[in-house]
Amino acid sequence: TQTTRPQRILKAVQKNATKGDPDSVISAIDHYCKHSEWAMNVGDEKGSILDSVVSEVNPSTVLELGTYCGYSAVRIARLLSPGSKLITVEFNPAIAAIAKQIIAYAGIQDKVTLVEGSSGDLIPKMKECFGITSFDFIFLDHWKDRYVPDTKLLEECGLLRKGTVLLADNVICPGAPEYLKYIRNNRRYESRYYPAHLEYTKVEDGLEKSIFLG
Ligand SMILES: O=C(NCCCCCn1ccc2cnccc21)c1cc(-c2ccc(F)cc2)cc(O)c1O
Ligand SMILES: [Mg+2]
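This is a predicted model, so every value here is computed, not measured. (Residues numbered from 1 in each chain as written. Chains lettered and ligands numbered in written order. Predicted model: local features only at pLDDT ≥ 70, side-chain atom pairs only at ≥ 80, totals over all residues. Heavy atoms only, no water.)

Caption draft 1: Layout of the overall build of the protein chain. On a plain count of helices and strands, the protein chain comes out with 10 helices and seven strands. Over its C-alpha atoms the protein chain spans a radius of gyration of 16 Å, differing by no more than 12% from the 17 Å that the globule rule assigns to 214 residues. In terms of principal-axis extent, the alpha carbons of the protein chain reach across some 50 × 40 × 35 Å. Within the protein chain, the fraction of its 214 residues that count as buried is 55%. Long-range contacts, defined here as pairs at least 24 residues apart, represent 74% of the contacts in the protein chain between residues at least 6 apart. Accessible surface computed for the protein chain: about 9700 Å², of which carbon and sulfur atoms make up 53%. When the 26 basic and 27 acidic side-chain charges of the protein chain are each reduced to a single mean position, those positions are 1 Å apart. (Helix = DSSP H or I, 4+ residues; strand = E, 2+ residues; numbered from the N terminus. Rg over C-alpha atoms; globule rule 2.2 N^0.38 Å. Buried < 20%, exposed > 50% of the residue type's maximum accessible area, 1.4 Å probe, protein only. Contact = heavy atoms within 4.5 Å. Areas by Shrake-Rupley, 256 points an atom, 1.4 Å probe, with all protein chains shown as cover. Lys, Arg positive; Asp, Glu negative; His and termini not counted. Charge placed at Lys NZ, Arg CZ, Asp CG, Glu CD.)

If you want it as structure tokens, here you go:
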């Protein structure tokens, strides 16, 4: 019976990475996706930009929208200080089950809470369910047409504070044109574009970093 792409990525991690070593998990996924089959992980080029932004912010509370196989959750969580928490949201239960195993294999499961559901349903429940007052850092990597409504929802739910950093993947490919229009013309945000390429390809893509000004 046919395996899924996330299942094949998990097998590649179990075969080629060292249990408890997040960097080896990241390398194993990148190697597999470069040489065996493409997958929509943020990848190593955009991942290095993600690393530098996370290191600069040094967040205590992180929200990731779009877990997929857990690649960026591992990238982010491996850089978090003790006691910091990443909440990552995945829509698809079968994919979430794989991500859970990859996050555990990397050994950073104590820093990560994986929640299944849609961002629109879960964002209004963040405060009551997880005792979050606000997020220090948010990584948007889910449905590209949800970037704007979910940013507005985060504002309305009081989950952003002065200085919260939002980092959005794929603003060029597949593209999030409405998000760029919304965030770049909004005086409550200071935005900067980081040019890069679509993971594992030469196609143009990039990350948009936006600081909420309150
Ligand atoms: O679609 C992308 N990601 C989103 C996947 C689905 C998210 C579902 N989901 C998860 C949490 C969640 C919470 N609420 C609602 C929905 C939610 C994506 C696509 C490409 C891509 C694909 C083909 C191509 F030819 C070029 C580029 C590259 C990327 O890097 C991507 O990230
Ligand atoms: Mg992406």
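Caption draft 2: Up close: the sheet that holds strand S4 (residues 135-140). An order of S3-S2-S1-S4-S5-S7-S6 is seen for the seven strands of this open sheet, with the pairing classed as mixed. The two strands at the open ends of the sheet, each matched to only one other strand, are strand S3 (112-116) and strand S6 (189-197). Neighbouring strand axes in the sheet, compared pairwise and without regard to direction, differ in orientation by 15 degrees on average. In this sheet, strand S5 (residues 160-168) lies alongside S4 in parallel orientation, the contact comprising five bridges. Within the sheet, the bridge partner assigned to Phe135 lies in S5 and is Leu160. Sitting on the sheet, helix H5 (residues 93-106) touches strand S2 (85-90) and S3, and the angle it makes with S3 is about 170 degrees. (Pairing = 2+ DSSP bridges. Axes fitted to C-alpha atoms, helices over the stretch in contact; angles between N-to-C directions.)

Caption draft 3: Expanded view of the pattern of salt bridges. On inspection of all chains with the given rule, the structure shows 14 salt bridges. Here Lys144 and Asp141 are joined by a salt bridge, their closest N and O atoms 3.3 Å apart. Comparing Lys144 with Asp141, the two get one shared label, buried. Measuring nitrogen to oxygen at the nearest pair gives 2.6 Å for the salt bridge that ties Arg146 to Asp150. One network of salt bridges, with partners in common, ties together Asp23, Asp51, Arg75 and Arg78. (Salt bridge = Lys/Arg side-chain N within 4 Å of Asp/Glu carboxyl O.)

Caption draft 4: Fine view of the site of ligand 1. Contacts to ligand 1 come from 19 residues, most closely from Ser119, Asp141, Lys144, Asn170 and Glu199. In this structure, an oxygen atom belonging to ligand 1 sits 2.9 Å away from a side-chain N or O atom of Lys144. At a separation of 2.7 Å, an oxygen atom of ligand 1 approaches a polar side-chain atom of Asn170. Within the complex, the protein chains bury 77% of what would otherwise be the 690 Å² of accessible surface of ligand 1. Broken down by secondary-structure element, the contributors of at least two residues to the shell around ligand 1 are S2 and helix H9 (171-175). Here the shell around ligand 1 is composed, by residue class, of eight nonpolar, six polar and five charged. (Near = heavy atom within 4 Å. Polar contact = N/O pair within 3.5 Å; in protein donor to acceptor, adjacent residues only side chain to side chain. Nonpolar A, V, L, I, M, F, W, Y, C, P; charged D, E, K, R; others polar.)

Caption draft 5: Local environment of helix H3 (residues 43-57). With 15 residues, H3 extends 20 Å from end C-alpha to end C-alpha; this agrees with the ideal 21 Å at 1.5 Å per step. Buried within H3 are the following residues: Gly43, Lys46, Gly47, Ile49, Leu50, Asp51, Val53 and Val54. Of the surrounding secondary structure, the elements contacted by the buried residues of H3 are helix H2 (22-35), helix H4 (71-77), S4, S5, S6 and strand S7 (204-212). Of the residues one or two after H3, Asn58 is the one with positive phi, at around 45 degrees. (Expected span 1.5 Å × (residues − 1).)

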